[in-house]
Amino acid sequence: MAKEFQVTYDCADPGAQAEFWARALGYVVQPPPAGFESWTAALTAWGVPPELHNSRSAIVDPDGVGPRIFFQQVPEGKTAKNRLHMDVRAAPGLTGDERMAALEAEAARLEALGAKRLYRREPGGLDAGHITMSDPEGNEFCLD
């Protein structure tokens, strides 16, 4: 039986990262627990100091299909290339110019949200073509 899992990102600003990735993936910021109108209300009721309110955040697939993505604040910044990254499937089933046009459109949308384009790999050989980008904190991901 397959196990349920979540993807966890270390970051400086969990709230901002959650907002970016929710918009990038069509996810939503995880709603507060029942009985609370906001996360601030829940955290305050639980006695969490205000300076820790942005120490973590999560996003969820509104359809309940994809994994939960959790963002946790860490003191150190990113220092090297990710060993694990997400591929955002922006052009599944497309090939050639049609594929690259779809990837370019998605890259432009994500740049408007704060992502940065790193490089574009043209189709050829084993590579169908992709665009490598980074999120607002510099974590690499690919548009595939």
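Here the residue numbers are simple positions, counted from 1 along each chain's written sequence. pLDDT decides what is reported in this predicted model: residues at 70 or higher carry local features, side-chain atom pairs at 80 or more are listed and counted, and totals for whole chains, interfaces and linings draw on all residues regardless. Heavy atoms from the whole structure form the basis of all side-chain values; hydrogens and water molecules are not counted.

Turning next to the overall build of the chain. Within the chain, the secondary structure is distributed over 3 helices and 8 strands. For the chain, the sequential pattern of α-helices and β-strands runs β-α-β-α-β-β-β-α-β-β-β. Each principal axis of the C-alpha atoms in the chain carries an extent, and together these give about 55 × 35 × 35 Å. Accessible area is worked out with a 1.4 Å probe on protein chains only. A residue is then buried under 20% of its type maximum, exposed over 50%, and partly exposed in between. Within the span of the chain, comprising 144 residues, buried residues form 31% of the whole. In the chain, of all internal contacts separated by at least 6 residues, the share reaching a separation of at least 24 is 58%. Each accessible area is a Shrake-Rupley result for a 1.4 Å probe, and residues are judged covered by the shown protein chains and nothing else. When the accessible surface of the chain is summed, it comes to about 8,900 Å², and 55% of that surface belongs to carbon and sulfur atoms. For this count, His and the chain ends are skipped, Lys and Arg are scored as positive, and Asp and Glu as negative. Where a charge sits is defined by one atom per residue type, namely NZ (Lys), CZ (Arg), CG (Asp) or CD (Glu). Across the chain, 14 positive and 21 negative side-chain charges occur, with their mean positions spaced 5 Å apart. Secondary structure follows DSSP: runs of H or I at least 4 residues long count as helices, runs of E at least 2 residues long count as strands, and numbering of each begins at the N terminus. Here a residue-residue contact requires only that any non-hydrogen atoms of the pair lie within 4.5 Å.

Let's shift gears to the sheet that holds strand S3 (residues 56-60). The strand order across the open sheet built from 4 strands is S1-S4-S3-S2, with neighbouring strands paired in mixed fashion. Two strands close off the open sheet at either side, each with one partner strand: strand S1 (6-11) and strand S2 (28-29). Strand pairing follows a simple DSSP-based rule, namely that at least 2 bridges must link the two strands. Pairing between S3 and strand S4 (residues 68-73): 4 bridges, direction antiparallel. Bridge pairing in S4 places Ile59 opposite Ile69.

Okay, the pattern of salt bridges next. Salt-bridge detection follows one rule: a side-chain nitrogen of Lys or Arg within 4 Å of a carboxyl oxygen of Asp or Glu. For the structure on display, the rule yields 9 salt bridges. A salt bridge links Asp144 to Arg99, with the shortest nitrogen-to-oxygen separation between them at 2.6 Å. Of this pair, Asp144 sits in the segment after strand S8 (140-143) while Arg99 is found in helix H3 (residues 96-113), placing the two residues 45 residues apart along the sequence. Overall, the relative accessible area of 4% leaves Arg99 in the buried class. Here Arg120 makes a salt bridge to Glu104, at a shortest N to O gap of 2.7 Å. Highlighted residues: Arg120 in strand S6 (residues 116-121) and Glu104 in helix H3, separated in sequence by 16 residues. The network of salt bridges with shared partners includes Glu104, Glu111, Arg117, Arg120 and Glu122.

This part is about the environment of Leu113. Position of Leu113 among the secondary structure elements: in helix H3. Setting aside chain neighbours within four positions, we find Leu113 in contact with Phe20, Arg23 and Ala24.

Within the fold, Glu140 resides in strand S8. Residue class for Glu140 comes out buried when judged on its relative accessible area of 15%. Side-chain atoms alone can form a polar contact between residues adjacent in sequence; in general such a contact is a pair of N or O atoms within 3.5 Å, and within protein one must be able to donate a hydrogen while the other accepts it. Reaching out from Glu140, the side chain makes a polar contact with the side chain of Lys78 at a distance of 3.2 Å. Apart from residues lying up to four places away in sequence, Glu140 is in contact with Lys78, Lys81, Asn82, His85, Met86, Leu118, Met133 and Ser134.

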